[in-house]
Amino acid sequence: MAFGNPYNDKWNISEILKFTEQFANMGIVTINLSDTVGVADEKSIELLFSEVLKEFPELEFGAHLHTQYNDWKLKIQTAYDL
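What comes next is a walk through the structure. (Residues numbered from 1 in each chain as written. Predicted model: local features only at pLDDT ≥ 70, side-chain atom pairs only at ≥ 80, totals over all residues. Heavy atoms only, no water.)

1. Description of the pairing of strand β1 (residues 30–35)
Filter applied, for reference: Strand pairing is assigned whenever DSSP identifies at least 2 bridges connecting the two strands. Where helices and strands are cited, they refer to DSSP runs of H or I of at least four residues and of E of at least two residues respectively, numbered from the N terminus. Convention used here: a crossover is right-handed provided that the path from the first strand, over the helix, to the second strand proceeds clockwise when the strands point away from the viewer.
In this sheet, strand β2 (residues 60–65) lies alongside β1 in parallel orientation, the contact comprising 6 bridges. Bridging across to β2, Ser34 finds its partner in His64. Tracing the backbone out of β1, into helix α2 (residues 42–55) and back to the parallel element β2 gives a crossover that is right-handed.

If you want it as structure tokens, here you go:
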């Protein structure tokens, strides 16, 4: 739940960076950032991918995005471009 959760907990990029570091320390080199509840938007996708790529350039990041019929292309294109 890299972009938010269904429990209305506040989204925090520092939590994502903390878990990414833990995964990297375990030897994981590919991480999928997942929007499991469909709350990501272009801005949050751009922010998160920009931060993790800057902090962890040695890792490979993928995206798992839940979308609606009218916003899938923008979400995918934003993640792909980054």
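Let us keep going from here.
2. Digging into the pattern of salt bridges
Any two side chains of opposite charge can pair if their charged atoms end up close together. Condition: Put simply, a salt bridge is a Lys or Arg side-chain nitrogen that is within 4 Å of an Asp or Glu carboxyl oxygen. The cut-offs for exposure are 20% and 50% of the maximum accessible area for each residue type, with area from a 1.4 Å probe on protein chains only; residues under the lower value are buried, those over the upper are exposed, and the others partly exposed.
Here the structure, examined in full by the defined rule, presents 4 salt bridges. The partner of Lys18 in a salt bridge is Glu15, with the nearest N and O atoms 3.5 Å apart. On the criterion of helical spacing, the pair formed by Lys18 and Glu15 is a turn pair, its members being 3 residues apart in helix α1 (residues 13–25). For Glu15, a relative accessible area of 36% gives the class partly exposed. The network of salt bridges with common partners includes Asp35, Asp71 and Lys75.

3. Structural notes on α1
To keep things clear, this is the line we draw: Multiplying 1.5 Å by the helix residue count minus one yields the expected span of that helix. Note: the arc covers the axis-to-C-beta directions of the helix. Contacts are assigned to residue pairs with any non-hydrogen atoms lying within 4.5 Å of each other.
Helix length check: α1, at 13 residues, gives a terminal C-alpha distance of 18 Å against a target of 18 Å (1.5 Å per residue), a fit within 8%. Those residues of α1 lying buried are Ile13, Ile16, Leu17 and Thr20. On an axial view of α1, the arc spanned by its buried residues comes to 95 degrees, and they lie on one face. Contact partners of the buried residues in α1: β1, α2 and β2.

4. Some remarks on the environment of Glu55
Of note, Glu55 is situated in helix α2. Spatially, the C-alpha atoms of Glu55 and Phe3 are 17 Å apart, while their sequence positions differ by 52 residues.

5. Things to note about the packing of aromatic side chains
What counts here: Centre distance within 6.5 Å is the pairing criterion for rings of Phe, Tyr and Trp, where only the six-membered ring of Trp is used; planes under 30 degrees apart are then read as stacked, over 60 as edge-to-face, and the remainder as tilted. When the NZ atom of lysine or the CZ atom of arginine is within 6 Å of a ring's centre and also within 35 degrees of its normal, the charge is said to sit over that ring.
Applying the stated criterion across every chain, the model contains 0 aromatic pairs. Over the aromatic face of Phe19 sits the side chain of Lys18, whose NZ or CZ is 5.0 Å from the ring centroid.

6. What about the packing of α2 against helix α3 (residues 72–81)?
Formally: Helix axes use the C-alpha atoms of the stretch in contact, all axes being lines fitted to C-alpha atoms, and the angles between their N-to-C directions lie in the range 0 to 180 degrees. When an angle is under 35 degrees it counts as roughly parallel; over 145 it counts as roughly antiparallel; between 65 and 115 it counts as roughly perpendicular; any other value is oblique. Note on convention: near helix rotated counterclockwise from far helix by under a right angle means a left-handed crossing. Clockwise means right-handed. Only Asp, Glu, Lys and Arg are considered charged in this grouping, and only Ala, Val, Leu, Ile, Met, Phe, Trp, Tyr, Cys and Pro are considered nonpolar; every other residue, Gly among them, is considered polar.
Interhelical geometry of α2 versus α3 gives an angle of 15 degrees and a closest axis separation of 9 Å. Between α2 and α3, the angle is such that the two are roughly parallel. Crossing angle aside, the handedness with which α2 passes α3 is right-handed. On α3, the residues touching Glu42, Ile45, Glu46 and Phe49 of α2 are Leu74, Lys75, Thr78 and Ala79. Among the residues making up the contact of α2 with α3, the classes are represented as 4 nonpolar, 1 polar and 3 charged.

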